[in-house]
Amino acid sequence: MIIVLKHGADPKESERLVEWIKNLGIDVHESAGSYQTVLGLIGDTAKVDADLIASLDIVESVRRISDTFKCCNRRFHPEDTVINIGGAQIGGGGFCVIAGPCSVESEKQIINIAQAVKAAGAQMLRGGAFKPRTSPYDFQGLRGEGIKLLLAAKQETGLPIVTEIMSASDLDLFEKVDVLQVGARNMQNFDLLKALGQTRKPILLKRGLANTLKELLMSAEYIMSSGNPNVILCERGIRTYSDYLRNTLDLSAVPMLHELSHLPVIVDPSHATGISRIVPPMALAATACGADGLMIEVHNDPSHALSDGAQCLTPDEFAQLQARIASVRRAIS
Ligand code: PEP
Ligand code: MN
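Here the structure is a predicted model, which is why all the values come from computation and not from measurement.

Engineer: Explain the nonpolar core here, please?
Structural biologist: Inside soluble globular proteins, nonpolar side chains tend to come together where they are buried. V117, L125, L205, L233, I296 and F318 are the most contacted members of the largest nonpolar core, which totals 63 residues. Per-element accounting of this core gives the leading share, six residues, to helix α6 (residues 213-225). Discounting chain neighbours no more than four positions away, the residues touching V117 are A99, A122, L125, L159, V298 and F318. Counting residues in each nonpolar core, the second largest holds 16 residues, with M1, I3, I26 and L39 among its members.

Quick look at the structure:
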């Protein structure tokens, strides 16, 4: 971190600042020019509050030269993280497709869809049991019962399962779940992230509706610095000025996140667009820009789905999309 002091800064004040920083266990290299003094901070500056220092009267500017995220930073871990989940693999050049309904609705529904997406080559099954709905009057999910039905579908098909956890107090119910999803609305639920950091379960961390890439990485950092290295990042669209789509799919996040971090990055074109006919082109685009996989909502009867029917592909549409994804993968390999 570099601190530039204002021209004519009171030497007593600057001495006090230097002492304060040194007391944090950080070395300070002082370089006094004829016009301005620059302080170079050497050591672990992650705990230094740059905004607080910038607010001091004697300070002109503060600049971090190292990133605040360490565990997920590619600089400190150049190889891709590869996460193995019951035969499926995410990261490191493979491609993992997670498919299934928005919500688990019944045993028949989830098993039927699980069989269909497996036949079309999906590697994992998704399905929401705990649903974060904007309206309290909408279907809230089958909760614990939904997880049991997902486990039945796993038993039937062998597909590992991915489902959302909304509260750390439900963790016991997720013991047999393969991947725990943190939804967009909970990306900055720091107590939840810390609790998940104490497990070794793979965590699928979705980008918040209005969060920056750095905020997403800092949330991954919460999980990883608590002891769990198994984090998968997911771009699922953000709020912008788009009026005809549910969100805006920020595909440039994929190569940027790959540059910044060694964690796998997948894309969810279903929540990003909200319209089933727009899902395939965006899924193909996500494949082409280097995503490590996709999460796609598939329903056997979208018009009667209890949530997100408008963005669900039918099993046939999903199978057709899978063939096109394979073509894109060949084209870019
Ligand atoms: C979901 O995956 O069902 C979901 C609610 O996604 P998001 O958190 O991205 O809205
Ligand atoms: Mn959904």
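The discussion continues.
Engineer: What should I look at first to understand the pattern of salt bridges in this one?
Structural biologist: A side chain with one charge can pair with a side chain of the opposite charge if their charged atoms come near. Under the criterion given, the structure shown has ten salt bridges. Between R133 and D138 there is a salt bridge, with the nearest N and O atoms lying 3.8 Å from each other. D268 is the partner of K206 in a salt bridge, and the nearest nitrogen-oxygen pair spans 2.7 Å. Of this pair, K206 sits in strand β11 (residues 203-206) while D268 is found in the loop between β13 (265-267) and α8 (269-273), placing the two residues 62 residues apart along the sequence. One continuous salt-bridge network, built from bridges that share partners, spans R207, E235 and D250.

Engineer: What is the right way to look at the packing of helix α5 (residues 190-197) against α6 in this model?
Structural biologist: Orientation of α5 relative to α6, taken along the N-to-C sense of each, is 40°, at an axis distance of 6 Å. Compared by their axis directions, α5 and α6 come out oblique. The crossing of α5 and α6 is right-handed. Contacts between α5 and α6 pair F190, L193, K194, L196 and G197 from the former with S219, Y222 and I223 from the latter.

Engineer: For this particular structure, what's the right way to read the site of ligand 1?
Structural biologist: The immediate surroundings of ligand 1 are formed by R126, K131, P132, E164, Q181, G183, A184, R185, K206, R236, H271 and E297. R126 has a polar side-chain atom sitting 2.7 Å from an oxygen atom of ligand 1. A distance of 2.6 Å separates an oxygen atom of ligand 1 from a polar atom in the side chain of R236. Of the residues in the shell around ligand 1, the class split is two nonpolar, three polar and seven charged.

Engineer: Just checking my understanding: could you explain the environment of G290 for this structure?
Structural biologist: Mapping G290 onto the fold places it in the loop between α9 (279-288) and β14 (293-297). For G290, a relative accessible area of 29% gives the class partly exposed. For G290 and S61, which are 229 residues apart along the polypeptide, the C-alpha to C-alpha distance reads 37 Å.

Engineer: Is there a simple way to think about the coordination of the manganese ion (ligand 2) in this case?
Structural biologist: For a metal bound by four donors in tetrahedral geometry, the ideal donor-metal-donor angle is 109.5 degrees, whereas six donors in octahedral geometry ideally sit at 90 or 180 degrees. Only C102 (SG), H271 (NE2), E297 (OE) and D308 (OD) from the protein coordinate the manganese ion (ligand 2), and they sit 2.0 to 2.3 Å from it. Spacing between the donor residues of the manganese ion (ligand 2) along the chain follows C-x168-H-x25-E-x10-D. Residue H271 is found in helix α8, and its partner E297 is found in strand β14; the two are separated by 26 residues along the sequence.

Engineer: Would you take a moment to explain helix α4 (residues 144-157) for this structure?
Structural biologist: Along an α-helix, residues three or four positions apart point the same way, because every turn accommodates 3.6 residues. Between its first and last C-alpha atoms α4 spans 20 Å; for 14 residues at 1.5 Å apiece the expected length is 20 Å, and the two agree. Along α4, the residues that are buried comprise G146, I147, L149, L150, A153 and T157. End-on, the buried residues of α4 take up no more than an arc of 160°, which puts them together on one face. Facing away from the buried surface of α4 by more than 90 degrees, the exposed residues are K148 and Q155. Just beyond α4, the residue with positive phi is G158, at close to 80°.

Engineer: Mind showing me how you'd approach the state of the cysteines here?
Structural biologist: Cysteine pairs can be linked by a disulfide, which is a covalent bond between their two sulfur atoms. A complete count under the given rule lists zero disulfides for this structure. Here C72 stays free of any disulfide, with the sulfur of C71 as its closest cysteine sulfur at 7.2 Å. Of all cysteine sulfurs in the structure, the one in C234 sits closest to C289, which takes part in no disulfide; the separation is 12 Å.

Engineer: Got a minute to help me understand the sheet that holds strand β7 (residues 96-100) in this structure?
Structural biologist: Strands in a sheet are paired, the pairing made by backbone hydrogen bonds, and the direction either parallel or antiparallel. Read around the barrel, eight strands follow the order β7-β8-β9-β10-β11-β12-β13-β14 and close on themselves; strand pairing throughout is parallel. The sheet shows a mean angle of 25° between the axes of neighbouring strands, taken without regard to direction. Strand direction decides the pairing type here: strand β12 (residues 231-235) and β13, joined by three bridges, are parallel. When the sheet's bridge partners are listed, L233 is paired in β13 with V265. Lying on the sheet, helix α3 (residues 107-119) is in contact with β7 and β8 (124-126); it crosses β8 at an angle near 145°. Relative to strand β9 (residues 161-164), α4 is tilted by about 165°, and along the sheet it contacts β8 and β9.

Scoring rules and cut-offs
Residues numbered from 1 in each chain as written. Chains lettered and ligands numbered in written order. Predicted model: local features only at pLDDT ≥ 70, side-chain atom pairs only at ≥ 80, totals over all residues. Heavy atoms only, no water. Core = buried A, V, L, I, M, F, W, Y, C linked by side-chain atoms within 4.5 Å. Buried < 20%, exposed > 50% of the residue type's maximum accessible area, 1.4 Å probe, protein only. Helix = DSSP H or I, 4+ residues; strand = E, 2+ residues; numbered from the N terminus. Contact = heavy atoms within 4.5 Å. Salt bridge = Lys/Arg side-chain N within 4 Å of Asp/Glu carboxyl O. Axes fitted to C-alpha atoms, helices over the stretch in contact; angles between N-to-C directions. Parallel < 35°, antiparallel > 145°, perpendicular 65-115°, else oblique. Left-handed = near helix turned anticlockwise from the far one by under 90°. Near = heavy atom within 4 Å. Polar contact = N/O pair within 3.5 Å; in protein donor to acceptor, adjacent residues only side chain to side chain. Nonpolar A, V, L, I, M, F, W, Y, C, P; charged D, E, K, R; others polar. Donors = N, O, S within 2.8 Å, 3.2 Å for Na, K, Ca; no water. Expected span 1.5 Å × (residues − 1). Arc of directions from axis to C-beta. Disulfide = S-S within 2.5 Å. Pairing = 2+ DSSP bridges.

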